[in-house]
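Understanding the architecture of this molecule
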Number of protein chains: 4
Amino acid sequence: MVQLDFTLSAGPTVATPRTLAALGMPITYHYDPDFLEAFRRTERKVAELFRTTNDIVLMQGEAIVGLEGAARSLVSPGMHVLNLVQGVFGKGMGYWLTDFGAVLHEIEVAYNEAVDPAAVEEYLDAHPEIELVTLVASETPSGTVTDVSRIGPICRARGVLTLVDTVSGVGGMEFLTDEWGLDVCVAGAQKCLGGPPGVALVTVSAGAWQSMLANERAPRSSYLSLIDWKTKWLEGGVFPYTPSVSDMHGLEACLDQVLEEGVDASIARHFASADVARAGVRGMGLELWPASDDIAASCVTSVRLPDAVDHIEVRTHVREHYGVMLSSGQGAGNLIRIAHMGPTASGLHPVVGIAALGRSLVDLGQPVNVGDGVEAALAVLSNQQ
Amino acid sequence: MVQLDFTLSAGPTVATPRTLAALGMPITYHYDPDFLEAFRRTERKVAELFRTTNDIVLMQGEAIVGLEGAARSLVSPGMHVLNLVQGVFGKGMGYWLTDFGAVLHEIEVAYNEAVDPAAVEEYLDAHPEIELVTLVASETPSGTVTDVSRIGPICRARGVLTLVDTVSGVGGMEFLTDEWGLDVCVAGAQKCLGGPPGVALVTVSAGAWQSMLANERAPRSSYLSLIDWKTKWLEGGVFPYTPSVSDMHGLEACLDQVLEEGVDASIARHFASADVARAGVRGMGLELWPASDDIAASCVTSVRLPDAVDHIEVRTHVREHYGVMLSSGQGAGNLIRIAHMGPTASGLHPVVGIAALGRSLVDLGQPVNVGDGVEAALAVLSNQQ
Amino acid sequence: MVQLDFTLSAGPTVATPRTLAALGMPITYHYDPDFLEAFRRTERKVAELFRTTNDIVLMQGEAIVGLEGAARSLVSPGMHVLNLVQGVFGKGMGYWLTDFGAVLHEIEVAYNEAVDPAAVEEYLDAHPEIELVTLVASETPSGTVTDVSRIGPICRARGVLTLVDTVSGVGGMEFLTDEWGLDVCVAGAQKCLGGPPGVALVTVSAGAWQSMLANERAPRSSYLSLIDWKTKWLEGGVFPYTPSVSDMHGLEACLDQVLEEGVDASIARHFASADVARAGVRGMGLELWPASDDIAASCVTSVRLPDAVDHIEVRTHVREHYGVMLSSGQGAGNLIRIAHMGPTASGLHPVVGIAALGRSLVDLGQPVNVGDGVEAALAVLSNQQ
Amino acid sequence: MVQLDFTLSAGPTVATPRTLAALGMPITYHYDPDFLEAFRRTERKVAELFRTTNDIVLMQGEAIVGLEGAARSLVSPGMHVLNLVQGVFGKGMGYWLTDFGAVLHEIEVAYNEAVDPAAVEEYLDAHPEIELVTLVASETPSGTVTDVSRIGPICRARGVLTLVDTVSGVGGMEFLTDEWGLDVCVAGAQKCLGGPPGVALVTVSAGAWQSMLANERAPRSSYLSLIDWKTKWLEGGVFPYTPSVSDMHGLEACLDQVLEEGVDASIARHFASADVARAGVRGMGLELWPASDDIAASCVTSVRLPDAVDHIEVRTHVREHYGVMLSSGQGAGNLIRIAHMGPTASGLHPVVGIAALGRSLVDLGQPVNVGDGVEAALAVLSNQQ
C-alpha cells in the first residue's frame, strides 16, 4: 500500500496548518481566565457562523452527541414527531425518535432525492398534532441537501419546533438559523469548517429551551444533557464537565479562518469546487448519484458506481494504489464520494479526486475516460478564475 | 493580570511538546488504514498501561462520558450497589446510581480521609445482595487515594463487580487491573499521562460485559453505550461514531512517553514530586489536607488553607499576580491544590507552586514562611538525585 | 490570485508534518547536553546518507555557505582547477574560482546536456597541473545530472581533489561518497530530503582537510570557515558560533525519515515520480528540456516551453490561477520545472503538476492536450503499483 | 541526569508556542508570492523594532554572519577603527578588525565594567583619523551594557560611522537607531525576541552603504556580502541565495508578539525580571558580576561565583540535578548567568533560576542562603504587580 498523499474524504476532512497549530497549542486548565475567555469568544463566533442570536452550546464529543442530546431533550413520550428521510442519517433519527418514545411520522424519499417542502407543508396541515420536525440539512452519505430555507419557515409558522442535523451544512452552504426560524441545529467542526472531529456545535432557541425544561425525560446530570450546559455553564459559569481545551483551540482557529474569509465566500468556494467535481465526473462518462444538481451537496460529490464494481473495493483501490482517501457509500448505495470540504474545496483538489477515481476504475476494468474527465474539470476551473 | 507562565492545576495538566505535536498532526479520515491501525495500536498501549488483558474501549469525550456510560450499563433497576465516598466524585456517583435505579448503599468518610478496606469487607459480608461496588481510586478534588489494591480482591472474591473511577489514578500510582480483579475502570488522559482532555479510557472485564449485555436498560445505539463499542467496533470493525483523530494521536503520543519511561518510573516520579511538594508545604508552616501521608495522592498536593482566606481568592491571586495556575477545592473544602501531574511531576515544578502559593498567602496577610518552605522542598529534591 | 494549494517547486520543497513538528520543537540552549547529543547524532546520520566515513560539517546557512566555504578553503592563488559546466550553478562556480585566485579550466556543454566523463579523463591527462575538479551532481535549474560515479574515480585515480555540489543530489539519486572517492561534497536539506532550507551538509575527506590546512588563504575565524568547525567543534567540542537549534531538529527529523524508508527506496521513489512526470509531459505533446532521459534529474522534470510563452509568465499563471507553485528556468533557459522532490516525489503529485501546467498553457493559447498527458502519467503510475 | 525542565540560558532562549508554531508552518518556495510578501513585511517589522528608516537586511545564519559581513564590508585596509572592549565579544571584534586590515585603536576596560562615553569622545577628538567605531551594546557573556545612547551621537557628530553589535540588545533595552545616529546595527532573534537562532537582523544607513560600496574589499558575490543583498534583493527583488522560509516565519511571529506587546512594554518586562533576579542573588548572599547595577544587562544576570567552585561545574550541576539550563562565563570570568530573556523575562522564571543555582551551590558546599534569596526575589516581584 502506498502512503497517504491526499485526503478527500467526507469528514473528518483536512485541517489547515493554522488549525493544526491551534490544536497543538499548550493545554491549560479549563478555569484559566484565558481559556474561559476563549471559550466564550468561540461561542460568539459559532453564533456568527450560524447567523443566530440563539444560545450556543459547545458539547465535547463528535457531533452525534449533540444530536442525541437534543433529540432526547426535545422528545417526550407520546409526542408526535415528523421525521424527514432522504438518507441514512435521517433514517437513523427515526429509530432514535421511536426509542425515545415519540409517535413517529415520516416522509421518506429515495436516497438520491430530496424531500419536497410542499409535502412537509401538506403533512403538517393534515397532522396538527405534530410538535417537532426533524431533518437533515446535508445528507453527507448520499451527497444531497434538503431545502431548509423553505421547511424552516413552514414549521415556524405552525408553531412546530425544528431539530436540524446540519453537521456538514454550515460553512459550505447557506444556513440562516434565525431567518429560517430553526430551533435546534447541530453541526460538527470536521466538515466544511475543516476543524477537529471532537466537538458538537449546537444552537438552541428560547422555544426549544422551554420545551426541554418542561420535559421530565430530558437528560439532566448527564453527559447528554443540554439543560446542564444551560443551567451550569450559560447561567452559572461552571462547566458541567471538563471541555477539551485542545479541541476548543482548534475550533476557534477554524472559525476564525471561515469568518476572515467570509461565510459567503466560503460557501461560494464549496459550490465552485462542486462544479469542478461534477464536470469531471460527467466528463469521465460516469453518472452522479443525486437525481438533480439542485439537490447535490456542495461539500461532497457522490458518484453512482457501475454495478460491476463495489464502493468499498473502489475506495480501497484508490487509497492503496494512488494514496488518495475517498469515502464510500456508508449505507446509502453503491456510490463513491469525492469530498471538497473545508480546505479541499479549493483549486485542483477535485481534479486529484477525479484522476484517482477514474484511473482506479480503469484499473478495475471499467470503460472510463479519465483524460476527458480531467479536461472537463479543468475547463470549469479555468472559467472560475 | 499577568500572563500565564506555569500550569500546576489538577488536570487538564501540561502536555509535553511531543504530545502537542501529535495533537497537531494532520487529521485523516477515520477509516484510513493508517488511522485504523493507530487506533488499535493505541488500545493495546492502554491495556499495557492498565496491566490488563480486558477489552479496551476508547470513548470520545471527557472521562466522565466513560463513567456515566459504565454506570448506566452496569446498573439495572433494583440492583444493590455499594458506593464508597471519600470526596465529591464518589458522592456524585451515588447520585447517579440512585438516578439509574440502584438501591444505594454507601460507606462515607470525611473528605480528608479514606475508606477502610476492612469496612468494605465487613459491609459486603453483611450485605450479600450487593452486586456492584463503585469507588474512586484517586479523589482529585481532595488529593486523596483509596486502597484499590485491597478493595478489588475483596470484591472479586465475593463475585461482586467493581466500577473504578481512576481518572487521575493511572500513570501516577500503581494500578493493576487484572491482579486486583477490577471489572470496569475509567481513566482520562489529561491527568498523570499529560494527554488531551477529550478521551475516556475504559477497561471492561468479561464479567462486566456479561452483566451489561444482560441489562435491558444498558444504553444501546447511544453515545453513552459501551455495548455499541463492543458489538460495532470490537467485534465488527465499524466505529459507532467518528472518533477524534486528533485526540487519538495525542493519546498515543502520551502513552508512548509513559511506556518508554516505564510505568513504574512514571509512578516513582509522581511520588518524588509529591514528597517535594509536601515538604515545601510543611516547611512554610501550612497544613496538608489529607489526614495522613499514606492516603495523600501522588499527583496532587492539597493544602488546608487558613480560615482567613478563601480558596478561590487564593487561586485567583496566584494566577493574577504570579502567572501560576493552581486548582481550588472544587467542593471538597477550603483547600488549594498544587498538582504534580504528568510533565509537572518533575524537578522544580513543585517549588514553583510553593513559591507562588506561599508569597500569595503573604500578600493576603497570612504568616507564611516562604523561604523555609522552598528550602525544605529543595532539600528533599536534592536528596532524590 | 487563488491560495497556494500545492508546492511543486524545485526547493525549498514541501516538508512532512513530522519534519515540521520537529522544526517547531522547543528551542534549547546549544550547549544543553541533549542538544549536543542530537547534533552529533545528526552528523552520523548525514554520514550514513552520504555513505561516507569522512568528517561531517553542518554549517548554519543555505547550502551555498558550504559551497563558498569549501571553495575558498580549497583554492589557493595560482592553483589549477577544472570546473565542469552544464548549467548555471556550474557556471557560477567558475566565477568564484577565478575570484579566489584559481587558474580556471572549464569543460562546458550546452545547458541541456551533461559533461562526458571521458572528456574529463582526457582533460586531466592532458593537464596534470590540475589539483581540483569542481562539479555539480544535479544541476537543479536545468534538471540534469552529471555522472559523478565515473568522474569521481577518474579524479581520485589521478590524485585530483573533487568538490561536488550535490545540493539536490542526495536522497533522490545514488550518491556514494567513499566508493566514488569524493573529497568535499555539499548538500542542502531542502531538496530531496524535504528538510529545512537553512543548513549546509558538508563532507570532507582527510586529503581535503590536509589541503585546506595547508592553504594560507583558507577562511579562519570566519563564518565561512570549515577549518573553524574542524578545530573548534570536531576536535574541541566548542561551536564556532551558535547553530540553529530548530534547523538541526528539522534536519534530524527528515534524515530519520529517509533512513527509515531506506536511502535506496527514497531514490527509487524519486525515479518513479520522474517517470510519471516525463510521461505526462510527453503525453501532452510537450518536449523535455534534457537532451536525453539518461541525464534527466530524478528530482525535477524540466520542460522546454514553446517560444510563444515565457517561463516566468507561465509560472505566474499556474500559481495565480491554479494555486500550484512550479519553478521557472532560473537562468538556464525558457523552461519550466515540475519538481518531485522529497515528499512530492510520490503518487499523484506529478499529475497535479501536469494538469496545472497543461491547462495554463491552454489558457495561454498553446495547443496542449492535457487529458492525454494526464492519462499517460496515470498509466505509468498505475504500472508502478 | 534529570530531564530538562527550564531553559534560562543566555540565548538561544525559550520561544513561545506561537513562535514555535510559526517555525513549524509549511515550507513554501521562496519565490511564492505569499513568501515574498511575508519577507518584506518582516523587514518592515524589524525596522519598527529598531526605530529606524534605514534599510533592513535579513541574512540567513546566526547573528555573527551579519557582524562579520558588516565588518568586512566597512573596513578597508589601513582604515583607522576604534573598537570599544568591555567583554569577550568586543575583544573578538578587535581581532577581526586587524585581520581585515584596519589600524586598530581600542578602549578596553575590565569585563565587569563599561566603557565611559566621555572616554570615547576624548579619544575621537584626539584621533580624527578614525573613521569607524565598533561597539557592543549588550555584552551577553558578562551581562553588561554600553551606553550607546551617548556614544552614538558622539560618533555621528564627528562623521564617524558606527557598527553596533546589539545581538541581545533589542527588545530588552532601549535601542533608538535613528535618534542615536547608528549606522550599522546587528541583532539576533534568539535573545530578547525569543526567536529562532538562525537569522541576522542588520540595519544599514545611507552613509554606511556609501562606505561599503566604495570599499573594493567589501564582500561581493559572497554569503557574507551585504552589498549583494542591496543590489540583488533590495533593488532587484532577487534573493542572493535561498532564505530560510522557516526562520522567517519564526522571526515574523516573534516580532509580532513584541510589537503587539509594545517594544517599551517588552523592555520594561526585561528590567522587571532583572530586578527580581538581582534581589534574589543578593538575598542569597552572592555578589553580582557587574561593577554596578547601572551597567547590568536587563536580559541576563551574571553572578560572580565563589572561587571554590567553577562556573562549568556549577552549570553542569544545576542542569544535571535540577533540570535547569543556565549559562556559564563563556570566557568572561568565573561567573554564572541566569537569563531573563524573551519569554523567560516573566514572573517566577528568575525565581526558578535562583532556587536552582542556590541549592546547587549548597550541594557544592557553599554557604548560600537559598530561602532568603527566594524571599527577596518574591518580595520584589510582589511589589511589581
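Residues numbered from 1 in each chain as written. Chains lettered and ligands numbered in written order. Predicted model: local features only at pLDDT ≥ 70, side-chain atom pairs only at ≥ 80, totals over all residues. Heavy atoms only, no water.

1. Considerations on the sheet that holds strand β14 (residues 335–339) of chain D
All names here are of chain D. The three strands are arranged β11-β12-β14 in an open sheet whose pairing can be described as antiparallel. Each edge of the open sheet is held by one strand with a lone partner, namely β11 (287–288) and β14. The pairing of strand β12 (residues 300–304) with β14 spans five bridges and is antiparallel. In the sheet register, V303 faces β14, and the bridge partner there is I336. Relative to the sheet, helix α10 (residues 263–283) contacts β11 and β12, its axis offset from that of β12 by approximately 15°. (Pairing = 2+ DSSP bridges. Helix = DSSP H or I, 4+ residues; strand = E, 2+ residues; numbered from the N terminus. Contact = heavy atoms within 4.5 Å. Axes fitted to C-alpha atoms, helices over the stretch in contact; angles between N-to-C directions.)

2. Observations regarding the domain arrangement of chain A
Residues and elements named next belong to chain A. Parsing chain A into structural domains produces domain 1 (6–13 + 263–384) and domain 2 (17–260). Domain 1 and domain 2 are separated by 28 Å when their C-alpha centres are compared. Between domain 1 and domain 2, the contact holds 31 residues from the first and 27 residues from the second. Counting the surface lost from both domain 1 and domain 2, the interface buries some 2,100 Å², and carbon and sulfur atoms represent 60% of this. Applying the counting criterion to the domain 1 and domain 2 interface returns one salt bridge. (Domains from an automatic or database assignment. Buried area = accessible area lost by both parts, 1.4 Å probe. Salt bridge = Lys/Arg side-chain N within 4 Å of Asp/Glu carboxyl O.)

3. Focus: the pairing of β14 of chain D
Burial of β14 of chain D is extensive: five of the five residues sit out of reach of the surface. Burial along β14 of chain D is two-sided: the residues L335, R337 and A339 of chain D and I336 and I338 of chain D are all buried. (Buried < 20%, exposed > 50% of the residue type's maximum accessible area, 1.4 Å probe, protein only.)

4. Some remarks on the state of the cysteines
Any covalent bond linking the sulfur atoms of two cysteines counts as a disulfide. Summed over the entire model, instances satisfying the criterion amount to zero disulfides over all chains. Its sulfur unpaired, C155 of chain A is 12 Å from the next cysteine sulfur, which belongs to C185 of chain A. (Disulfide = S-S within 2.5 Å.)

5. So, the nonpolar core
Counting 195 residues, the largest nonpolar core has V184 of chain C together with V184 of chain D as the members making the most contacts within it. Look past the residues within four positions of V184 of chain D in its chain and what remains in contact with it is A70, L74, T162, L163, V164, V202, T203, V204, A208 and M212 of chain D. One finds L36, V46 and C185 of chain A together with L224 of chain B within the second-largest nonpolar core, a separate group that totals 194 residues. (Core = buried A, V, L, I, M, F, W, Y, C linked by side-chain atoms within 4.5 Å.)

6. Overview of the sheet that holds strand β2 (residues 55–60) of chain D
One key point about sheets: their strands pair by backbone hydrogen bonds, in either a parallel or an antiparallel sense. All names here are of chain D. Ordered in space as β2-β10-β9-β8-β5-β3-β4, the seven strands form an open sheet in which the pairing is mixed. Every other strand in the sheet has two partners, leaving β2 and β4 (103–108) as the edge strands with one partner each. Each adjacent strand pair in this sheet contributes to an overall mean axis angle of 20°, direction not counted. Sheet topology places strand β3 (residues 80–85) next to β4; six bridges connect them, and they run parallel. Across the sheet, the residue bridging to L84 is I107, located in β4. Where helix α6 (residues 148–157) meets the sheet, its contacts fall on β3, β5 (130–136) and β8 (161–165), and the angle it forms with β5 comes to roughly 170°.

7. Overview of the interface of chain D and chain C
Taken together, the contact pairs 52 residues of chain D with 52 residues of chain C. For the pair chain D and chain C, the summed buried area comes to about 3,700 Å², and 60% of that belongs to carbon and sulfur atoms. Inspection of the region where chain D meets chain C yields four salt bridges. Along the contact surface separating chain D from chain C lie 14 residue pairs in polar contact (both at pLDDT 80 or more). (Polar contact = N/O pair within 3.5 Å; in protein donor to acceptor, adjacent residues only side chain to side chain.)

8. Some remarks on empty space enclosed by the protein
Residue and element names in this part refer to chain C. Under the counting rule described, the total for this entry stands at seven cavities of 30 Å³ or more. The wall of the largest cavity is formed by L49, R51, V170, G171, M173, E174, F175, L176, V263, D264 and I267. It is helix α10 (residues 263–283) that contributes the most residues to the lining of the largest cavity, three residues altogether. Of the residues contributing to the lining of the largest cavity, the split by class is seven nonpolar, one polar and three charged. Here the lining of the largest cavity spans two domains, since at least three of its residues come from each of domain 1 (6–13 + 262–384) and domain 2 (18–260). If you add up the space inside the second largest cavity, you get close to 50 Å³. (1 Å grid on protein atoms, 1.4 Å probe; cavity = no way out; pocket = protein on both sides within 12 Å on 5 of 7 lines; lining within 4 Å. Points joined across faces, edges and corners; volume = space filled by probe spheres on them. Nonpolar A, V, L, I, M, F, W, Y, C, P; charged D, E, K, R; others polar.)

9. A closer look at helix α3 (residues 63–74) of chain D
All names here are of chain D. For α3, with 12 residues, the first-to-last C-alpha span of 17 Å sits near the 16 Å given by 1.5 Å per residue. When you tally the buried positions in α3, you get 10 out of 12 residues, the bulk of the element. All buried positions along α3 are accounted for by A63, V65, G66, L67, E68, G69, A70, A71, S73 and L74. (Expected span 1.5 Å × (residues − 1).)

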